[in-house]
Amino acid sequence: MPREPSHDILFEPIDIGPVRAKNRFYQVPHCNGMGYRDPTALAHMRGIKAEGGWGVVCTEQVEIHHTSDITPFIELRLWDDRDVPTLARMAEKIHEHGALAGIELAYNGLNGPNLYGREVPMAPTGFPVASFTYDPVQARTMDKEDIRNLRRWHRAAARRGREAGFDLVYVYAGHALGFFHHFLSRRYNHRTDEYGGSLENRVRILKEILTDTREEVGDTCAVPCRFSVDEIAGPDGIDRAEAEDMIGLVAELPDLWDICLAGWESDSKTSRFGPEGEQEFLYENMKSLTSKPVVGVGRYTSPDRMASLVRKGVLDLIGCARPSIADPFLPHKVENGRTDDIRECIGCNICVSGDFTMSPIRCTQNPSMGEEWRRGWHPEYFRPSRCERPVLIVGAGPAGLEAAQALGKRGYEVVLAERATDVGGRVSREAGLPGLAQWRRVRDYREGQIGKLPNVNVYLDSELSADHVLEFGFPRVVVATGARWRRDGVAHHWTRPIPVSPAMELLTPDEIMAGALPGGSSVIIWDDDHYYMGGVIAELLRKKGRDVTLMTPAAEVSTWTRNTMEQHFIQARLLEMGVEIAPHRVLDEVKDDRVVASCAFTGASRQTAADSVVLVTSRLPDNGLYRELVARRHEWNQAGIESVRCIGDADAPATIAHAVFAGRRYAEDLDEPVDSGDTVSFKREITELSAC
Ligand code: ADP
Ligand code: SF4
């Protein structure tokens, strides 16, 4: 299909210093939890982005020197020449598809306690390291020789970056993560020499490093600068006015300005806390400060909005991390007039959790993310089916929908039966909760794709029993019937039911999502789930005028959301709304009109009056259909059934990303040799042993 003429502007090439990007789609650097441990998997992941049409594809932050490692986080390393082949593999994969390859050189300094190398961290001023884990380590203040050394190391890394084949060699001064940011910010730079104090002094190192990098590789490589235009730290940090003055001092030194916010959590907010394009105000004046191209991010998924930003001269290139993770083929789809097929990011930050848990990146919307090499999955292309025997899928939640669309694209005949009158399962329900509306995109994308597949038929309002399934006689049956929240308190803390008086009004998230509200005014939410649900329910009930106490055995609300960089936003919102937070409390018993809870440390017990209790604990798989079918295995042969599988929450409740992955995995594995578990079913990279 021809593309929309209004999107043409996104396909105009643009010069970035000595190199030319073929279009305006720019995958900004983003972490992925693979780094030096999974270099080939990572190279393939970046290569797929290039295949999907991104004009520029960048690495994550790449540690440039062994005196600053960011352990336990797993990023790339360019410590010496031996690291060049790893990086070269990635540049090669990116070049295979005509994209430019960018490398983000990083010296973390104050952000790394150097847990791996055990070197003393260095910083403009010797503060305690600014890590996520309050490490009991302080950096030392750099002296002039340290600064000279650092300049030499950065030059060496730039040279290696070029040798590895990169076209853009970054100077990273963004997100309060880059060492150069620390020099710029009054918060971190208390020096009294020519590198501290006045604005000019604080910018000095950035100026030197930009000049060094340009001298070293600037004849063939572009030198972008990633820069935070607001630290959101009040008068202590870099604010917009000061950032403009700083840019004024080095405006023409980089070949491109990559504009961001500090810290990372403010730059990559979830959709619950920031809409698409929230940072757009940052870009307003940028083009008047420099003649160099400007790139900025905003979780953009709408090509109309992207084109308008370029047309209006706000941005020259559209920066995307998450939209390129959710849909590596976004540019390709815009180019071919297939904007309906864009798999839009939902802004959940499950991708970020890969980095925070040091595990390979995963994405709620794109189950192939991180699996391109190790499982051979592609975001768009599917192996044709090996046989014509049809598949019956029961349940159209994320697992069933993903299985249906992937099987359909493989060419199988699929029937998808759903009890409800619409598809989406938990996604449809949860998207109605405060701040989660964009999660509906998980359903919408799959529903849209299935609608284009004549070989997939969806039957709504169709609750299937085991008798139905046996009667229909589909050779392969997939049960994706989901899960429901427990009413007995069993979860992380209690592995046996807690005593609950029948006189107390007790609700679960399922009932609240179905429209029930607590009858009385005071509500205690016991959150032993620790992801988003407890906090979201608290928000909802507070908005409905209830006095809400959120009780949790953890130290904070929704503690797992540290991995999605939301925790402090959630806690702040609840506190601002007047939700009382009771941390370190264990719910022992629910009585007629009160709860008994004890201190998680001392066991000291306290009673608190309440009209209603909401249990946000764990879920029970809705696998009755599956269990009955297994119990009636002796009838399968006669019914023509070969296999019955249970996937997603019906198998074991987890995140939406898990359910989507399970759906894709079923579709990928169908008609492949059965995985007995005796061998590792995916590829992994094993380090070659050194001589000893
Ligand atoms: P998952 O996250 O594993 O996809 P969900 O709970 O989101 O699970 O979705 C499960 C879907 O299965 C729900 O939409 C539910 O209505 C549907 N379902 C459950 N039992 C049956 C059944 N017996 N027949 C048809 N649909 C069912
Ligand atoms: Fe977007 Fe969520 Fe995928 Fe990250 S995991 S790219 S936020 S959909």
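Up top is the structure.
Residues numbered from 1 in each chain as written. Chains lettered and ligands numbered in written order. Predicted model: local features only at pLDDT ≥ 70, side-chain atom pairs only at ≥ 80, totals over all residues. Heavy atoms only, no water.

Peer 1: I'd like a rundown of the site of ligand 1, residues and numbers included.
Peer 2: In the vicinity of ligand 1 lie 22 residues, with Ala399, Glu418, Arg426, Leu464 and Asp649 positioned nearest. In this structure, Glu418 approaches ligand 1 through a side-chain N or O atom, which is 2.5 Å from an oxygen atom. Between ligand 1 and Asp649, the relevant distance is 2.7 Å, taken from an oxygen atom to a side-chain nitrogen or oxygen of the residue. When ligand 1 is considered free in solution it has 590 Å² of accessible area, and contact with the protein chains removes 95% of it. Elements with a contribution of two residues or more to the shell around ligand 1: helix H13 (398–410) and helix H14 (426–430). Here the shell around ligand 1 is composed, by residue class, of nine nonpolar, seven polar and six charged. (Near = heavy atom within 4 Å. Polar contact = N/O pair within 3.5 Å; in protein donor to acceptor, adjacent residues only side chain to side chain. Areas by Shrake-Rupley, 256 points an atom, 1.4 Å probe, with all protein chains shown as cover. Helix = DSSP H or I, 4+ residues; strand = E, 2+ residues; numbered from the N terminus. Nonpolar A, V, L, I, M, F, W, Y, C, P; charged D, E, K, R; others polar.)

Peer 1: How would you explain the nonpolar core if you had to name every residue and give the values?
Peer 2: Among the nonpolar cores identified, the biggest contains 113 residues, and Leu10, Ile16, Tyr26, Phe180, Leu206, Phe227 and Ile318 are the most heavily contacted of them. Counting 36 residues, the second-largest nonpolar core is a separate cluster that includes Val442, Trp485, Leu507 and Val536. (Core = buried A, V, L, I, M, F, W, Y, C linked by side-chain atoms within 4.5 Å. Buried < 20%, exposed > 50% of the residue type's maximum accessible area, 1.4 Å probe, protein only.)

Peer 1: An account of the side chain of Arg272 is requested, with residue identities and associated values reported.
Peer 2: Its location among the elements puts Arg272 in the loop between helix H7 (264–267) and helix H8 (280–283). Polar contacts involving the side chain of Arg272 include one to the side chain of Glu539, which spans 3.3 Å.

Peer 1: So what's going on with the site of ligand 2? Residues and values would help.
Peer 2: Around ligand 2, the structure places 13 residues, and the nearest of them are Cys345, Cys348, Asn349, Cys351 and Cys363. Those elements that place two or more of their residues in the shell around ligand 2 are helix H10 (322–326) and helix H12 (350–356). In terms of residues, the shell around ligand 2 owes the most to one element, H10, which gives three residues.

Peer 1: Pulling in residues and values, what's your account of the packing of H13 against helix H22 (residues 656–669)?
Peer 2: Remark: H13 packs on H22, axes separated minimally by 7 Å, with the N-to-C direction vectors making an angle of 30 degrees. As judged from the angle between their axes, H13 and H22 are roughly parallel. Note on packing geometry: the crossing formed by H13 with H22 is right-handed. Facing H13, whose interface residues are Pro398, Ala399, Glu402, Ala403, Ala406, Leu407 and Arg410, H22 presents Ile656, Ala659, Val660, Gly663, Arg664, Tyr666, Ala667 and Glu668. For the contact of H13 with H22, the residue count by class is ten nonpolar, one polar and four charged. (Axes fitted to C-alpha atoms, helices over the stretch in contact; angles between N-to-C directions. Parallel < 35°, antiparallel > 145°, perpendicular 65-115°, else oblique. Left-handed = near helix turned anticlockwise from the far one by under 90°. Contact = heavy atoms within 4.5 Å.)

Peer 1: Please provide a residue-by-residue account of the environment of Lys207, values included.
Peer 2: In this structure, Lys207 sits in helix H5 (residues 199–217). For Lys207, a relative accessible area of 39% gives the class partly exposed. Between the alpha carbons of Lys207 and Leu253 there is a distance of 7.7 Å; along the sequence they are 46 residues apart. Discounting residues that sit within four places of it in the chain, Lys207 has contacts with Leu249, Val250 and Leu253.

Peer 1: Break down helix H6 (residues 240–250) for me, citing the residues and quoting the values.
Peer 2: Among the residues making up H6, those that are buried are Arg240, Glu242, Ala243, Met246, Ile247 and Val250. The buried residues of H6 occupy an angular sector of 155 degrees when projected down its axis, which confines them to one face. (Arc of directions from axis to C-beta.)

Peer 1: How would you sum up unusual backbone geometry? Please name residues and give values.
Peer 2: The omega angle of the peptide bond from Thr71 to Pro72 is 15 degrees, so this bond is cis rather than trans. Locating Pro72 in the fold gives a position in the loop between strand S4 (56–63) and strand S5 (76–77). Residue Gly263 follows Ala262 across a cis peptide bond; omega there is -10 degrees. Tracing the sequence through the fold places Gly263 in the loop between strand S11 (256–260) and H7. Unusually for a residue other than glycine, His175 sits at a positive phi of about 65 degrees. Examined against the element boundaries, His175 turns out to sit in the loop between strand S9 (168–173) and helix H4 (179–184). Here Asn349, not a glycine, exhibits a phi torsion of approximately 65 degrees, which is positive. Its place among the elements puts Asn349 in the loop between helix H11 (330–335) and H12.

Peer 1: Report on the packing of aromatic side chains, specifying residues and quantitative values.
Peer 2: According to the stated counting rule, one finds 19 aromatic pairs in the structure shown. On the numbers, 5.2 Å between centres and 70 degrees between planes, the contact of Phe179 with Phe183 is edge-to-face. Highlighted residues: Phe179 and Phe183, both in helix H4, separated by four residues, approximately one helical turn. Taken individually, Phe179 and Phe183 each receive the classification buried, so the pair is uniform in this respect. Here the aromatic cluster, defined as three or more aromatic residues joined through ring pairs, consists of Tyr107, Trp153, Phe179, Phe180, Phe183 and Tyr195. (Phe/Tyr/Trp six-rings, centres within 6.5 Å; stacked < 30°, edge-to-face > 60°.)

Peer 1: So what's going on with the environment of Cys320? Residues and values would help.
Peer 2: Checked against the element boundaries, Cys320 lands in strand S13 (residues 317–320). Placed 77 residues apart in sequence, Cys320 and Ala243 show a C-alpha to C-alpha distance of 22 Å.

Peer 1: Requested: an account of the packing of helix H18 (residues 533–543) against helix H19 (residues 567–577), with residues and values cited.
Peer 2: Where H18 contacts H19, the two axes come as close as 10 Å, and the packing angle between them is 20 degrees. By the criterion of interaxial angle, the relationship of H18 to H19 is roughly parallel. Crossing hand, H18 versus H19: left-handed. Each of Gly535, Ala538, Glu539, Arg542 and Lys543 in H18 lies in contact with H19, whose residues at this interface are Arg573, Leu574 and Met577. Of the residues assigned to the contact of H18 with H19, the class counts are three nonpolar, one polar and four charged.

Peer 1: Before we move on, can you summarise the side chain of Glu242 with the specific residues and values?
Peer 2: Mapped onto the elements of the fold, Glu242 is located in helix H6. For Glu242, a relative accessible area of 9% corresponds to the buried category. Here Arg202 takes part through its side chain, which lies 2.9 Å from a polar atom of the side chain of Glu242. In this structure Glu242 touches Arg186, Leu199, Arg202 and Gly237, once residues within four positions along its chain are discounted.

Peer 1: Run through the pairing of strand S12 (residues 294–297), naming residues and quoting values.
Peer 2: Here S12 shows a buried face lined by Val294 and Gly296 and a second buried face lined by Val295 and Val297. Taken together, the three bridges between S11 and S12 define a ladder with parallel strand orientation. Within the sheet, the bridge partner assigned to Asp258 lies in S12 and is Val295. By the bridge criterion, three bridges tie S12 to S13 in an arrangement that is parallel. Bridged to Val295 within S13 is Leu317. (Pairing = 2+ DSSP bridges.)

Peer 1: Give a description of the sheet that holds strand S14 (residues 391–394) that names residues and reports values.
Peer 2: If you trace the five strands from one edge of the open sheet to the other, you get S16-S15-S14-S17-S28, paired in parallel fashion. Across the chains shown, the open sheet's two edge strands, defined by having one partner strand only, are strand S16 (456–459) and strand S28 (643–646). On average, adjacent strands in this sheet sit at an angle of 15 degrees to one another, irrespective of strand direction. Across four bridges, the pairing between S14 and strand S17 (residues 476–479) is parallel. Looking at S17, one finds that Ile393 is bridged to Val478.

Peer 1: Tell me what's going on with the environment of Thr59, and back it up with residues and numbers.
Peer 2: With respect to the helices, strands and loops of the structure, Thr59 is situated in strand S4. Note: C-alpha distance between Thr59 and Ser198 (139 residues apart in sequence) is 33 Å. When neighbours within four sequence positions are excluded, Thr59 is seen to be in contact with Pro29, His30, Arg46, Leu76, Leu87, Met90, Gly102, Ile103, Glu104 and Phe166. Polar contacts involving the side chain of Thr59 include one to the main-chain amide nitrogen of Glu104, which spans 3.0 Å.

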